[in-house]
Amino acid sequence: MRDPEPYRWLHLSDLHVGCKGEALWWQMLDDFERSLDPWLKKLGAPDLILLTGDLAWSGTASDYERLDRFLERLLQRIETKTGHRPLLVPVPGNHDVQRPTGADLRPYRILDAYEPGADDDDVKALRQEIWEDRKPDFVAELFTHYSHWLDRTIIPQLTGKPGVTPHRSFFPGDLTVTLDLPDRFPLAIVGLNSAWSHYKGGDFTGKLLLPAEQFLAALPDPAPGGSPLDIFGQVERALLLMHHPRKWLTDKSRQIFDAQIHLGSRFTACLFGHMHEPDGVNVSQAGGAARSLYQAPSLFGLEHYGTKRESRIFGYTFGQLSRDGEVRLWPLRSVRRGDGVCTFDRDSFFHRSHDELDHVLIRRADPKPSPTRSGGRRPAPPLELDLNLNTYCREILDDTRYIRLDGIASAAKAVTYPIERLYTRLLTHAHEDGLRRELVDLAELLPKHHRLLIEGQPGSGKTTFLKLVASVLARDFLDEPCPDGSSWRAAHLSRDLPRTLPIYLENFSKLATTDTRKGAKRLLDHLAEATTPCTGESEKQARARREAWDQRLSRGEATILLDGLDEVGDPDLREQVMECLRDLLRTWPKCQVIIASRPISLEPLRAWTSPTPASRPSAPTRSVPTSSAGCTPILRTTLKRPAAPPSSVTPNS
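One structure accompanies this document, and this report is about it. For clarity, every value in this text was computed on a predicted model and none was experimentally measured.

## Some remarks on the packing of aromatic side chains
Per the counting criterion, the structure on display carries 26 aromatic pairs. The interplanar angle of 90° and the centroid separation of 5.0 Å between the aromatic rings of Tyr7 and Phe185 together place this pair among those described as edge-to-face. With a gap of 178 residues between them, Tyr7 in strand S1 (residues 7–12) and Phe185 in the loop between strand S5 (175–179) and strand S6 (187–191) connect regions that are remote in the sequence. Across the pair, Phe185 and Tyr7 agree in class, each one buried.

Shown next, in the form of structure tokens:
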């Protein structure tokens, strides 16, 4: 029997229809429409257009009239090119809120006390009014025009279609669409309004509400005596749509989200937007089912419009879900070519496959159960353990987030400064393929080079740079909100740098002085020990812990930062250190490795690599090329001594 066809979609987020900068909107629309045609030919017609919020600019009736014209033009183009008209499934965002002003704003301030004021009589009355009496008029007034648009545009095209069953919640903006189409598998799409408590402007990171009652109300009504969650037993796969990322929820709502809504075993993927920049995460915690999340780019995002800080982020995504749970994505981003013309192309932020479809694998297929002989023993379930990645990452952050200035101290303790505030931009000479390069920002090399050796004299800033990278990666891994931008990487390094777990070794030479040909084993032992609970564990658990780390590194889900490579005076011992480094690079070719050192000889590594054209003697840097085993080239780059640090900073003392 042939496997069912996968579902395909076009994912658009943060359209901001009706926003400022209309002249640019029309050019972007033209670029967007022209870019669709080759992808429709390559991937086929999408079954769905998923819209994850901020569809309008200010939630006005005229905004949604313009949105209708945009969507109808898009649907007609797809239908003309493919003969198929996709279904629209939206959720609202904070720009779809009709925000009250003046005296009308005052009643909504009760939302600020919704969770902290659990025992407050007014909060209790509001909860009963919304969830028990099912009268969310208080919230519905914020989404009047969005709800009218939902009534006239979305619900009719979902109603009366064979195999399509929409359920609209009594709560504004929430819905579930169940699909059971010919030659497909049953699929549920649950859309939740994460913007309803975003009733005014400002930063709402960590302040938004998503109660369990809201999730259950979004699901179809169960049969008598049944549970709303029964829907997930009636479909083979489910997708969750929101506008905001998880970190924008309150602490309590995040707990509810993890425990009662976004279970990895329930939703194959969670799709959202809001941050304007794309990202993808697939993570398993404490041995549980992996959660897959995709943050879509903004189709039309103008940050700081009309100011010197104005930046433009335009992008969209094609996606595909197979019956086995595999999720493939094709993220596209507007890029400016050398002639000044912008086109949509594959986003270089993501790792891509190298087959003819050139996709991003955001979630792997579920493993097929291995057959057992009749009456035979079933294999033992996998050993569950907790790698304590958040705890480990927190320790990395604690070790790297501050810089201590020697010779400056208060009466109580030494003065320390946040590293991102004290760090000054480092310039470096890069030399590749025998051509001399100009000075470049060291941070610009990170997303371009998988292997990077940073050379510099003492005091040149190489160790500070490694600590900056470690602290920035750690903050993003821990989902710490960044006050200066969408992510710590984008604000202080590069938005094209992947979100990975940092592994920072301040003195690699000490770790590598034994078991000379087992550098990878030594690192696994170190990581296993660093994440072992204080209570200890059996040898079987310890072995499983090392294997779990090995699998993570084999997938390239960590950035290894090595310092102190040059801190070995003995030539024989230095050779052992280099041998350990070679073993580490060979074992985990997908992991990015960044090394800081004073100028050293690379002959031990050069012997491992294939020959390269000689560099000019006067060049201060040179590349070590790809090895015969296919290892990524190591870029060797030399720092220019940094400028003096800023004279006015606020200490953390």
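## Considerations on helix H12 (residues 462–477)
What sets the pattern is the α-helix's 3.6 residues per turn: residues three or four places apart point alike. Taking 1.5 Å of rise per residue, the 16 residues of H12 would be expected to cover 22 Å, and the 23 Å separating its terminal C-alpha atoms lies within 8% of that figure. The element H12 is extensively covered by neighbouring structure, given that 14 of its 16 residues are classed as buried. In the segment just after H12, Asp479 is the residue with positive phi, at about 60°.

## Examining the pattern of salt bridges
Under the counting rule described, the total for this entry stands at 34 salt bridges. For the salt bridge of Arg489 with Asp279, the shortest nitrogen-to-oxygen distance reads 3.4 Å. Here Arg489 is found in helix H13 (residues 488–492), whereas its partner Asp279 is found in strand S9 (residues 279–283), with 210 residues between them in sequence. Taken as a pair, Arg489 and Asp279 share a single burial class, namely buried. A salt bridge links Arg328 to Glu326; the shortest N-O distance between them is 2.8 Å. In terms of burial, Arg328 and Glu326 fall into one category: buried. One connected set of salt bridges, linked through shared partners, spans Arg337, Asp345, Arg346, Arg352 and Asp358.

## Remarks on helix H16 (residues 539–554)
Here H16 spans 22 Å end to end across 16 residues, near enough to the 22 Å set by a 1.5 Å rise per residue. Of the residues making up H16, those classed as buried are Ala542, Ala544, Arg545, Trp549, Arg552 and Leu553. Those residues of H16 that are buried lie in contact with helix H9 (389–400), H12, strand S22 (501–505), helix H15 (519–530) and strand S23 (558–562). Among the residues trailing H16, Gly556 stands out with phi positive, at a value near 75°.

Definitions and limits used
Residues numbered from 1 in each chain as written. Predicted model: local features only at pLDDT ≥ 70, side-chain atom pairs only at ≥ 80, totals over all residues. Heavy atoms only, no water. Phe/Tyr/Trp six-rings, centres within 6.5 Å; stacked < 30°, edge-to-face > 60°. Helix = DSSP H or I, 4+ residues; strand = E, 2+ residues; numbered from the N terminus. Buried < 20%, exposed > 50% of the residue type's maximum accessible area, 1.4 Å probe, protein only. Expected span 1.5 Å × (residues − 1). Salt bridge = Lys/Arg side-chain N within 4 Å of Asp/Glu carboxyl O. Contact = heavy atoms within 4.5 Å.

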